[in-house]
Structure formats: C-alpha cells, structure tokens
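Topology and contacts: notes
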Amino acid sequence: MKSANKVFFMNHRFGSRMRAALGCLAIIPLLAGNAAGAILQGDCNEDGMVAINEVVRCANIYLEVLPPSACLACDRMGDDSVTIDDVVGCSNCYLDAQGANCRMSTPPPGQATNTPIATSTNSPPATATPPSTETATAPPPPTRTATPPPPPTNTMAATPTATQSNAICGNSMIETGETCDDGNTANGDACPSTCIINTCSAAGTTTSTNVNVQTSGNNLRSITLLVNYPDGTVNIPGTGADSFVQGRVTNRPGGFTPTIVDLNYALFASFSSASFNITNNQRIFVVNYDRCEGAPPATAEDFTCTVQEAINSSAQNVTGMVTCSVAVP
Ligand SMILES: [Ca+2]
Ligand SMILES: [Ca+2]
Ligand SMILES: [Ca+2]
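Residues numbered from 1 in each chain as written. Chains lettered and ligands numbered in written order. Predicted model: local features only at pLDDT ≥ 70, side-chain atom pairs only at ≥ 80, totals over all residues.

Helix and strand counts for the chain come out as four helices and 11 strands. Sorting the 329 residues of the chain into buried and exposed places 40% on the buried side. For the chain, contacts bridging at least 24 residues in sequence account for 68% of all contacts bridging at least 6. (Helix = DSSP H or I, 4+ residues; strand = E, 2+ residues; numbered from the N terminus. Buried ≥ 20, exposed ≤ 12 C-beta atoms within 10 Å, placed from the backbone. Contact = placed C-beta atoms within 7 Å.)

So, in structure tokens, the structure goes:
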C-alpha cells in the first residue's frame, strides 16, 4: 500500500521525468541519420539506424511505462537503468548516427551474440548476359565515407525503387521527379517511400479528421502512430515539432505526454501516460489540415494510419492487437 506521501513523490518524480523527456523529444528535427554498423545507442532492432519510434521507446523506458528489456540498446552503461542522458543520447543518434558518441562501445547485455538474420538464400535470379558494348555498371556508391553500409533490414527500406524520369528512389541523390531522397524507400522518416512530397497552396479552408484507435479490449498506456496523409491535397502548416504543427493536433487525450512530429507527408504521434488509459474504439485526437488549392476534397481512403507501438496498462506490448483509422466527418 502506498502512503499519500509516496504517491505524491511518485507523481512528482514522474511529472519531472515527463517534462524532461518531452523537452528532449520536442527538439527533434526531421533528419534521420543513417548509420553504418550495429549497436547504435537507441537502435532497438539493430538495423543500423535509430528511428524516432525507437527514441520514443527509450523515453517510455525512462518514464517507466516500459521495462528496460523493451530496448536494451537504450541503456548505454548496461546497468539496467535508462537515464535522461540515455534518452538524450538516443535523440542524438537519431539526429546523427555517425556522431562520435553514438556507437555503444560494447553490445548491450543480452545482445552480444546476436547476429543479423541471414538472408543469403535469397540470391537474386540469374540475369541475361549484359550487352557486350557495356561493362557491368557498378552499384551506386553507398556514402562518401569509408564506413560499410548498414545491414539489410527486413522492412521495405532496402530496395531502391524506380520512379519517373529514370530516377532511383533510395539512392541518396535527389534526381528529376524527386523532391527528397534519404537513401531508403521507407516511410516514417524524413522522406517518403516515393521520394516525392507534393507542395500545397492553402485554399483557405480546412479539413478536420478524427484519428480513432481500436484496442481489442486493451487499456493502453502508450501508443505510437504514423498517419500518412495525402500531401498536395491537404497540408499541415509548419514542420517537425514546431508550434504550428502542435496547434493543428487537438482534442488530445488528457493526462498523456504527447510527441507530435509532422513529416510533411505523414504525422507521427505518440502518447504516453503512467496512470491514464486509452480505451477501446476511442477518438484519440483530431488533425486540422489546410485544404490545398485545386485539389479535390480528401476522403478517408486518402489517409493511412499505422500503429507503430502499443503498450497496455500491464506494460505488455500489444502492437499487433491494436489498429487505428482516420475518419473524415
Ligand atoms: Ca534518388
Ligand atoms: Ca525514407
Ligand atoms: Ca508541414
């Protein structure tokens, strides 16, 4: 049984942690570093980069929403304690995975023997003999540095995709027809899988959308979402975690610490709480977009909502049981 003083202390301590963690997350800009090698601080899935949802996971461990085992790579010292310095370290690795202090000097406990998943059986099919007038073309240089490329992941990030004008999305070069290229074809980072972010002139009216969550009966203490929206049809003024973006996300769940980041084609949103729950079939927030001049009205089918991580009130990862959706009333 907790005394009143202890409850106050816990709340006070937790509130301080919330403020500190929020302060760290609020300054994260959009650029996602792409690192060479594994065991970066905060690289929970060891794919050679630190994604923003991994930073959020480290913050959740610091906030005691998740146990330390949720991501051993958050804990630089390996002492089963994730400190605010660890969260800052993870944020720094998200910003610059090549940073001098980003690489953990030793693998985190329990991961020392982990090796990347073998993919060697998936060799590419044999191709026809190249025409004799051309020698084989070398693959595009990975980076300007001498470090090896990041290990392949089991996401869609690995394979470059051809786009219009013979541009290759994912080769780190912005070519004709592309507006960005962050060296991968993944969504949820600085550049979308298409390497195109459409521009928008505000038409002077707005489109409000409800983001709903279906929890399958779980009471959620933490949820991390990515809402892909139709850039060029609707727009969120501002970028990253700036105040314009914050002002467009309303009706947030009370008692939760938010992390809201606009990627200009998708909205990243994370809410964490030590004591409050998100319950089934709940609208958890509203996004108010500007409509773009000359574009048709956006419909629900133009939006895609993905649950990146969901934690229930027993600190269990229930990501696979939780879905989200966007409604345009
Ligand atoms: Ca490109
Ligand atoms: Ca990308
Ligand atoms: Ca924006």
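The next point concerns the sheet that holds strand β7 (residues 257-262). The strands making up a sheet associate through hydrogen bonds between their backbones, and the pairing can be parallel or antiparallel. The four strands are arranged β7-β8-β4-β10 in an open sheet whose pairing can be described as antiparallel. Looking at which strands have only one partner, the edges of the open sheet turn out to be β7 and β10 (304-312). Taken pair by pair, the neighbouring strands of this sheet meet at an average axis angle of 10°, ignoring direction. In the sheet, strand β4 (residues 220-228) pairs with strand β8 (residues 266-272) via seven bridges, with the strands oriented antiparallel. The residue bridging S222 from the neighbouring strand is S272, located in β8. Each of β4, β7, β8 and β10 is contacted by helix α2 (residues 52-62), which is oriented at about 20° to β10, the strand it contacts most. (Pairing = 2+ DSSP bridges. Axes fitted to C-alpha atoms, helices over the stretch in contact; angles between N-to-C directions.)

Along the polypeptide, A315 turns up in the loop between β10 and β11 (323-327). The class of A315 is partly exposed, set by 15 C-beta atoms lying within 10 Å. Considering only alpha carbons, one finds A315 and P67, 248 residues apart in sequence, at a separation of 7.2 Å. With near-sequence residues (within four places) excluded, A315 lies in contact with L66 and P67.

In an α-helix there are 3.6 residues to a turn, and that puts residues three or four apart on one side. Here α2 lies mainly inside the structure; 10 of its 11 residues are buried. Three or more residues of α2 are buried, namely I52, E54, V55, V56, R57, C58, A59, N60, I61 and Y62. E64 lies just past α2 and shows a positive phi near 70°.

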